[in-house]
Structure formats: structure tokens, C-alpha cells
Amino acid sequence: MVLPLVLVVVATVERSLAAASTEDWQRLSVALNGRLYSALPLSSPCFPVVNGLNHIVNETPCAAIQAGYSNSVFRSPQFSAFMQPQWETCQSTEEKCLLDESNPENSAAWTNTDYRYPDSGDVQKAFKFSAETGVTLSIKNSGHDYKGRSSLKGSLGYGHTRNLDTLSYSDAFVAEGGDVTYERAITMGAGVTFESLYAFADKNNVTFIGGYHQTVGPSGGWVMGGGHSILSPVYGLGVDRVLQFRVVTPDGVYRTANAFENSDLFWALRGGGGSTFGVVLESTTLAEPAMKLQVASISFNGTSETAPEFLKLLVEHSYRWGTEGWGGHMNPSGIINVNPLLTLEEAKNSVQPITDYALAHNGTSVVEELPSWQAFFSKYVLTAEAAVGNEILLATRLLPRISLQEKKGRRNPYIVVGTPFLYTGDANATSVTPAWRNSLWHLNGGSGFAYNSTVATIKEQYEIANNIGQLMRDVAPDSGAYVNEANVHEPNHEVSFWGSNYPALVAIKKKYDPDSLLDCWQCVGWKGPDDARYSCYL
């Protein structure tokens with residue numbers, strides 16, 4: 001059965017990239033049983049002018065928005081909100097309804113804007129509407145996209161999947177059309193978040209290998225782009241573990257995709273990226289038994305003098321830690337790493353060099369055993385997850401083991417140890433770049449800008465991010481990047497994100513989306529930066 005889904009139109013009729021008449025929208029509303037609504041930008045209640053018209057400031061919802069502006073739990077269920085608010089704007093024209101992330105009550109933010117976001121509702125009818133009218137489409141799951149692929153001016157956007165929140169557990173899952181039984185599988189609707197999924201897995205005495213943020217959707221772009229976890233070094237990426245998708249493809253067909261049915265589509269969804277091959281309504285993923293974790297939380301007050309010393313120390317021990325099964329997050333002033341393979345005593349000995357350095361610089365070191373992933377998530381992740389409500393630009397690179405062994409990887413300030421270094425599954429079963437399989441680190445850097453930055457300033461910050469990205473490519477020129485956490489202007493992105501898998505992905509894209517109803521920035525088969533739909537990009 002096809003599950004109902006709330007959809008959202010991300011454009012006004014006058015700003016739509018294709019001409020849809022008032023009668024067209026009325027027919028769509030009838031076909032969707034009235035699930036066609038209008039919405040405004042997240043912060044519009046705070047603004048006196050919206051859509052070029054005088055607008056009454058509504059103090060009560062404005063106060064709620066100000067209070068939750070930097071809170072992912074507040075942002076996640078709201079279609080108009082994105083975790084990086086620049087994707088709520090048209091950057092090239094400075095049309096925006098943004099608050100000051102450092103002080104959401106700063107009245108200097110009350111500036112003119114020109115946005116309206118109508119809503120709509122059923123996936124198959126929406127594909128049909130797009131094919132008949134030419135109105136473009138976009139897909140949003142949780143709003144955690146760093147590249148704006150789920151935000152598109154002039155589009156009919158799929159959003160508000162939060163009502164698809166079903167969860168079920170099976171200790172003997174058989175994929176549709178198959179004859180293989182998998183132990184410990186969890187089936188989840190597209191609206192489920194990691195916070196609720198982790199709690200559900202814990203209640204069923206299993207471990208879900210997932211992301212590092214409570215409001216990311218495990219059935220959305222996270223898994224379709226690869227899906228790294230700090231447990232990936234041992235247990236693989238999200239794409240390595242997913243067993244089945246329920247998806248509506250752009251030809252309007254509701255399909256099951258797994259290793260036995262629509263296997264080509266299944267392969268494409270396992271790394272080809274979100275917003276490309278269809279709208280996923282449900283996924284089923286393998287879980288692991290309940291496990292204890294050794295946790296190393298070590299930090300000190302870093303300085304410009306200590307940063308190169310500490311990063312050198314991390315490089316020197318990175319390969320050994322990789323072989324021992326460590327995963328986590330590291331920066332020039334500390335680490336929060338986990339290990340499912342070592343004993344507590346072994347873990348303490350393993351990170352002793354880091355402990356010694358931190359304590360010598362008046363820092364702290366906690367190396368402890370926790371009873372479950374849920375215990376680690378509750379204690380560490382909720383206070384360390386990526387900030388939201390700020391405008392940031394990423395530059396990243398997957399750093400191969402050889403680069404670290406040659407000690408070339410010392411320039412980057414933030415490191416995610418979330419590559420499938422010890423995982424021994426079939427790499428050819430997924431469509432992510434093969435560079436994942438030979439990397440120890442996922443390097444992160446970048447830049448950012450203020451809510452009220454001019455186009456000139458924003459362009460300068462993009463250039464800084466681009467330059468940082470080039471430094472990373474110089475370190476590992478033959479590697480690749482994680483499509484979900486990459487530079488907006490990643491050069492040669494087809495090779496960087498997918499490597500030798502790209503031609504096959506394009507062929508599958510043409511098979512299931514022959515009219516290119518789905519198109520997003522640097523996605524498989526995209527129309528390129530000069531297409532009118534990308535006019536808001538810089």
C-alpha cells in the first residue's frame with residue numbers, strides 16, 4: 001500500500017519555474033483531498049514585510065521561533081526550516097527572512113523578504129502534476145542538507161514526512177521476493193529520527209548503527225548518500241546495512257527495492273544520493289546485538305601552538321587506532337571516540353598518549369565503559385552534535401590510510417573517524433565512491449557567514465571554503481568526498497562522490513526518471529549550475 005505523505009510547494013505561482021495555472025493548483029488540491037496548503041518562511045511572523053507586502057508581526061509565534069531558532073528539535077518538524085538557514089533564502093538576490101543566530105531577538109534582522117511556500121500532499125499525484133505542468137520538484141526529509149539540495153525555489157516540495165513514524169522490529173526478516181533470513185532488522189517510516197530510532201532499538205535490546213544527530217532521518221538522504229557512523233569502522237556504512245526500501249519512483253510507481261526486486265534501483269539508492277531516484281517512504285536496516293562501548297572523552301584548552309602538536313599526535317596513532325576499531329570525532333583540542341571491540345583496560349592503554357598530552361596541558365581524560373549505544377548517545381551526542389541555525393559552508397575529503405601513514409594529513413582542524421575501515425562486506429553492493437573503503441578519516445573544514453551578509457561577503461566565504469577544499473584534495477588527490485557533507489562547489493563532483501560507479505548511476509536514473517522530474521544540485525544526472533532552478537546559488 002502507498003502511505004500518505006504531506007507534500008509542500010516551495011514557490012508562489014508567480015515565481016514558479018514553470019507555468020501552472022490557478023486551475024492546475026485547484027485540481028491538485030482536489031486530487032489530494034484538500035492537502036494543499038500555503039506556508040511562509042520560518043521566521044516570517046517576526047517580519048513586517050513578507051512577499052513584498054506589509055505583514056502584521058505576530059509576537060507570540062515570533063517569540064517561539066526566537067527561542068527555538070538554534071534548536072534542531074524545534075526546526076526538524078517544520079517544512080520551512082533548514083538546519084543551515086542560508087537554504088531558506090535566495091542567496092544570489094539577498095531575499096531572506098533570517099534571524100541573527102547569535103541573538104535571535106536582534107531587531108536588525110527585520111528586513112524585507114519575498115517568499116511563499118504552498119504545501120501539497122501525495123507523492124504519485126505530485127509526480128503526475130509535475131509531468132503535466134512542468135512545475136519542478138524537490139524532496140526534504142529532515143533539513144540537514146549542507147548543500148541546499150532539499151530547498152529549491154519554484155518547486156513542488158515533498159516534506160513533512162514526520163507522520164510516517166512507524167517502527168517495527170523483526171528477528172527473522174525476509175526481504176520481499178527473497179529467501180534469505182536476516183536477524184535483527186528494524187523497519188522504519190521516512191519520518192523516524194535517530195533519537196526515536198535509538199530508543200526503540202535499545203528497548204528491543206539491539207544496536208542501530210547510525211548518525212550523530214538526534215533529528216537526522218535514517219531513511220532519508222543520510223542513508224542514500226552513504227550514511228557514516230562512528231561505529232562504521234567496524235560495522236560499515238548505512239548503505240552497507242540497509243536491506244530494503246519502499247519508494248515511489250518518478251514514473252509514479254510504488255516499488256519495493258532490495259537485492260531480489262528492482263535490484264538496480266536498490267544499488268542506486270545505496271549511495272547514489274537523495275532527491276534523485278524517488279521518494280523513499282520506508283526502509284529496513286540490519287541491526288546489531290546490544291553491545292558495550294569503551295568511550296574516550298579527552299579534551300584540553302587548545303591554542304595555536306598546541307594544535308599542530310596534537311594533530312601530529314593524532315596522525316601518528318591513527319593507523320593503529322583504525323586497526324583496533326576506534327571511531328569518533330577529533331579536533332585540535334580533544335577527542336570523543338568509541339570502541340566496541342576492546343576491553344576497558346585495552347582502551348585506556350590505547351589512548352594513553354592522548355591522555356598524557358591532555359593532562360600535561362591542564363585538560364581532562366575520561367575513559368569509561370558504557371552499557372549501550374543509547375547510554376553513549378544520551379550522555380555524549382546530545383551535547384556534542386552539530387549546531388544548527390547558523391550559516392556554514394563545508395569543505396571535506398576522505399583521507400586514505402596511505403596519506404596518514406605518510407603523515408600528510410595534518411592541515412585539517414576537524415576529523416570524523418567514521419569510515420568502514422575494518423568492515424569486510426561486499427563493497428560492490430553499494431554505489432558510494434570506492435574511496436570510502438580505503439580511508440581512515442573524513443576530514444572537515446570550511447567557513448561561514450552572518451545572517452545579514454551581503455552577496456559579496458558570502459562569495460568571499462565560498463572562496464575560502466573552496467580553497468580549503470583544494471588543500472584537502474592536494475593531500476589526497478586520488479580519493480573522494482562524502483556527497484552529504486561536501487563543498488557546495490566540489491570540482492569534478494561525479495568522480496569525487498561516486499568514482500567509477502557514476503556511469504551506471506546515470507543509466508539507472510534515466511530508467512526510473514526518464515523525464516528528469518527530480519533534479520538537485522550536483523546530484524546524479526543533474527542539469528548543471530546554469531539551469532534556472534539554481535538561480536539562488538552563488
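Because the structure is a prediction, the values reported are computed rather than measured. (Residues numbered from 1 in each chain as written. Predicted model: local features only at pLDDT ≥ 70, side-chain atom pairs only at ≥ 80, totals over all residues. Heavy atoms only, no water.)

**As for the confidence of the model for the chain**
Next up, step 1: Here the chain averages 87 in pLDDT, while 89% of its residues score no lower than 70.
Next up, step 2: Low pLDDT, under 50, characterises residues 110-121; the predicted model gives this stretch 84 contacts beyond four residues in sequence or across chains.
Next up, step 3: A low-confidence stretch, residues 407-412 stays under pLDDT 50, and its non-local contacts, those more than four residues away or across chains, total 20 contacts. (pLDDT = per-residue confidence, 0-100. Contact = heavy atoms within 4.5 Å.)

**With respect to helix α17 (residues 502-512)**
Next up, step 1: By the burial criterion, the buried members of α17 are Tyr-502, Leu-505, Val-506, Ile-508, Lys-509 and Tyr-512. The arc enclosing the buried residues of α17, seen along the axis, measures out at 165°, which places them on a common side. With respect to the buried face of α17, the exposed residues turned more than 90 degrees away are Pro-503, Lys-510 and Lys-511. (Buried < 20%, exposed > 50% of the residue type's maximum accessible area, 1.4 Å probe, protein only. Helix = DSSP H or I, 4+ residues; strand = E, 2+ residues; numbered from the N terminus. Arc of directions from axis to C-beta.)

**Brief notes about the pairing of strand β13 (residues 242-248)**
Next up, step 1: A large share of β13 lies buried, amounting to six of its seven residues.
Next up, step 2: Of the strand pairs in this sheet, β13 and strand β15 (residues 279-286) are connected by six bridges, and their pairing is antiparallel. Bridging from a neighbouring strand, Val-242 pairs with Thr-285 of β15.
Next up, step 3: Linking β13 to strand β14 (residues 254-258), which pair antiparallel, is a turn of five residues; within it Gly-252 sits at a positive phi near 85°. (Pairing = 2+ DSSP bridges.)

**Digging into the pattern of salt bridges**
Next up, step 1: Applying the stated criterion across every chain, the model contains 17 salt bridges.
Next up, step 2: Two residues, Glu-316 and Lys-312, come together in a salt bridge whose shortest N-O distance is 2.4 Å. One end of the pair, Glu-316, and the other, Lys-312, are both in helix α10 (residues 306-324), four residues apart, so they sit about a helical turn from each other.
Next up, step 3: We note a salt bridge from Glu-368 to Lys-379, for which the minimum N-O separation is 2.8 Å. (Salt bridge = Lys/Arg side-chain N within 4 Å of Asp/Glu carboxyl O.)

**Focus on helix α15 (residues 455-475)**
Next up, step 1: Here α15 contains 21 residues, and its C-alpha end-to-end distance of 31 Å stays within 8% of the 30 Å for a straight helix at 1.5 Å per residue.
Next up, step 2: Among all positions in α15, only Val-455, Ile-458, Gln-461, Tyr-462, Ala-465, Asn-466, Gly-469, Met-472, Arg-473 and Val-475 are buried. Buried residues of α15, viewed axially, fall in a sector of 165°; they line one side. (Expected span 1.5 Å × (residues − 1).)

**Comments concerning the sheet that holds strand β11 (residues 185-189)**
Next up, step 1: Read across the open sheet, the five strands follow the order β8-β11-β15-β13-β14; overall the sheet is antiparallel. A strand with exactly one partner marks an edge of an open sheet, and here the two such strands are β8 (167-170) and β14. Between one strand and the next, the sheet's axes are offset by a mean angle of 15°, whatever the strand orientation.
Next up, step 2: With five bridges joining them, β11 and β15 adopt antiparallel strand pairing. Note that in β15 the partner of Gly-189 across the bridge is Glu-282.
Next up, step 3: Here helix α5 (residues 194-203) sits on the sheet and contacts β8 and β11; the angle it forms with β8, its principal contact strand, is near 35°. (Axes fitted to C-alpha atoms, helices over the stretch in contact; angles between N-to-C directions.)

**Observations concerning the nonpolar core**
Next up, step 1: If you look at the biggest cluster of nonpolar residues, it comprises 61 residues, and the most contacted ones within it are Ile-186, Phe-208, Phe-245, Leu-269, Phe-277, Trp-373 and Phe-376.
Next up, step 2: Ignoring sequence-local partners within four residues, the contact set of Phe-277 consists of Thr-249, Pro-250, Leu-265, Ala-268, Leu-269, Gly-272, Leu-505, Ile-508, Lys-509, Leu-518 and Val-524.
Next up, step 3: Grouped together as the second largest cluster of nonpolar side chains are 29 residues, Ile-298, Ile-335, Leu-342 and Val-351 included. (Core = buried A, V, L, I, M, F, W, Y, C linked by side-chain atoms within 4.5 Å.)

**With respect to the packing of aromatic side chains**
Next up, step 1: Considering all chains together, one arrives at 21 aromatic pairs under this definition.
Next up, step 2: Judged by centre distance (5.3 Å) and plane angle (20°), the ring pair of Phe-194 and Tyr-198 falls under stacked. Highlighted residues: Phe-194 and Tyr-198, both in helix α5, separated by four residues, approximately one helical turn. Like Tyr-198, Phe-194 is buried.
Next up, step 3: One cation-aromatic arrangement involves Lys-140 over Phe-82; the distance from NZ or CZ to the ring centre is 4.6 Å. (Phe/Tyr/Trp six-rings, centres within 6.5 Å; stacked < 30°, edge-to-face > 60°. Lys NZ or Arg CZ within 6 Å of the ring centre and 35° of its normal.)

**Section: the sheet that holds strand β23 (residues 439-449)**
Next up, step 1: One open sheet accounts for seven strands, arranged β20-β17-β19-β18-β22-β23-β21; its pairing is antiparallel. Strands with a single pairing partner mark the edges of an open sheet, and in this sheet they are β20 (364-370) and β21 (391-400). On average, each strand axis in the sheet is inclined to that of its neighbour by 15°, with strand direction left out of account.
Next up, step 2: As judged from the five bridges shared by strand β18 (residues 327-331) and strand β19 (residues 334-339), these two strands associate in the antiparallel manner. Bridge pairing in β19 places Gly-327 opposite Val-338.

**Thoughts on the state of the cysteines**
Next up, step 1: Tallied over the full model, the rule gives three disulfides.
Next up, step 2: What pairs with Cys-90 in a disulfide is Cys-536, and their sulfur atoms sit 2.1 Å apart. On the S-S bond that ties Cys-90 to Cys-536, the torsion sits near -100°, and the link is left-handed. Of this pair, Cys-90 sits in the loop between α3 (72-75) and β5 (117-120) while Cys-536 is found in the segment after α17, placing the two residues 446 residues apart along the sequence. You'll find Cys-90 and Cys-536 in the same group, each marked buried.
Next up, step 3: Disulfides within the chain link the bonded cysteines, taken in sequence order, as 1-2, 3-6, 4-5.
Next up, step 4: Free cysteine Cys-97: the closest other cysteine sulfur is in Cys-46, separated by 9.0 Å. (Disulfide = S-S within 2.5 Å.)

**Focus on the packing of α10 against helix α12 (residues 352-360)**
Next up, step 1: At a minimum axis distance of 10 Å, the contact between α10 and α12 shows a crossing angle of 165°. With respect to each other, α10 and α12 are oriented roughly antiparallel. In the crossing of α10 with α12, the sense of the turn from one axis to the other is left-handed. Side by side, α10 and α12 meet where Thr-306, Glu-309, Phe-310, Leu-313, Leu-314, His-317, Arg-320 and Trp-321 of the first sit next to Pro-353, Ile-354 and Tyr-357 of the second.
Next up, step 2: Looking at the contact of α10 with α12 residue by residue, the class counts come to seven nonpolar, two polar and two charged. (Parallel < 35°, antiparallel > 145°, perpendicular 65-115°, else oblique. Left-handed = near helix turned anticlockwise from the far one by under 90°. Nonpolar A, V, L, I, M, F, W, Y, C, P; charged D, E, K, R; others polar.)

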